[in-house]
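Working through the structure, step by step
The chain contents come next:
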Amino acid sequence: MNNILSEIDNFTLEEFRELRDYCNRSIDKLKMDSNSTLIIIKPASFAKQDHLKIMDELTKKYGYTLMSGKTMQITLEQAEMHYEEHRGKPWFEKITRQLSSGPLYVAVLGSEHIDTVSRIRKLIGATDPKEADPYTIRARYGTCVDDNVIHASDSSESAHYEKQLWAGFMKE
């Protein structure tokens, strides 16, 4: 620690400002990544107009901020990119076809909480709506594991990757 402090003592004012700005940008990026998450309201739910109720619930009832959102249709290739980590699993083809089967709503939700990702995951519930707690979104709107209504990033790392991936899709 003393070595670091002695090195900082030798910094010029401009070098110190650059270091400070770099640290602040890094902290802001970490906050942004952990204070926001990506959700996708899947095509089957979108077709039933449940996306409006779900978004109302997440933003009005639970207080999450809609940072960006878009209704869109994606290709099978884009769905495969989204679920790339699951390639090779028996259900990969089924989930990618399902995600690309019609219009969906994709959104980035944020809050002041450092654990937005895990809080949203708790609200949406278990992957299989039949196993989800009864108060969760999937239990109330989903019908089966193949129609589980909504996707949400499962970690801060996934949220960061998915937000970048979908930002590219939104520009197309």
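These notes cover the structure that comes with them. (Residues numbered from 1 in each chain as written. Predicted model: local features only at pLDDT ≥ 70, side-chain atom pairs only at ≥ 80, totals over all residues. Heavy atoms only, no water.)

1. Here's the deal with the overall build of the protein chain
Filter applied, for reference: Only DSSP runs of H or I with at least four residues qualify as helices, and only runs of E with at least two residues qualify as strands; both kinds are numbered from the N terminus onward. The cut-offs for exposure are 20% and 50% of the maximum accessible area for each residue type, with area from a 1.4 Å probe on protein chains only; residues under the lower value are buried, those over the upper are exposed, and the others partly exposed. We call two residues contacting when some pair of their heavy atoms lies within 4.5 Å.
A count of helices and strands for the protein chain gives nine helices and four strands. When the 172 residues of the protein chain are sorted by exposure, 41% land in the buried category. Here the analysis covers contacts within the protein chain between residues at least 6 apart in sequence; of these, 73% occur between residues at least 24 apart.

2. Section: the nonpolar core
Across soluble globular proteins, you tend to see nonpolar side chains buried next to one another. Basically, it comes down to this: In this text, buried Ala, Val, Leu, Ile, Met, Phe, Trp, Tyr and Cys residues form a nonpolar core when linked through side-chain atoms within 4.5 Å.
Among the nonpolar cores identified, the biggest contains 18 residues, and Ile 39, Ile 54, Leu 58, Ile 120, Ile 137 and Ile 150 are the most heavily contacted of them. Mapped by element, the contributors of at least two residues to this core are strand 1 (36-41), helix 4 (50-61), strand 3 (104-110), helix 7 (116-124), helix 8 (137-141) and strand 4 (150-152). Each residue touching Ile 150, except ones within four places of it in the same chain, is listed here: Ile 39, Ile 40, Ile 41, Lys 42, Ile 54, Leu 58, Ile 124, Ile 137 and Arg 138. In terms of nonpolar packing, the next biggest core, distinct from the first, is built from 15 residues, Ile 74, Val 108, Leu 165 and Met 170 among them.

3. Looking at unusual backbone geometry
The backbone of Gln 49 shows a phi angle near 65°, a positive value even though the residue is not glycine. The residue Gln 49 is located in the loop between helix 3 (43-47) and helix 4 in this model. Residue classification places Gln 49 among the partly exposed positions, given a relative accessible area of 42%.

4. A short note on the pairing of strand 1
The test is simple: Here a strand pair is declared whenever DSSP counts at least two bridges between the two strands.
The element strand 1 is largely enclosed, with a buried count of six among its six residues. Here strand 1 shows a buried face lined by Ser 36, Leu 38 and Ile 40 and a second buried face lined by Thr 37, Ile 39 and Ile 41. Judged from the six bridges that link them, strand 1 and strand 3 form a sheet pairing that is antiparallel. What sits directly across from Ile 39, in strand 3, is Ala 107. The sheet contact formed by strand 1 and strand 4 spans three bridges and is antiparallel. Residue Ile 41 lies in a different strand from strand 4, and its bridge partner there is Ile 150.

All we've got here are geometric facts, nothing functional implied.
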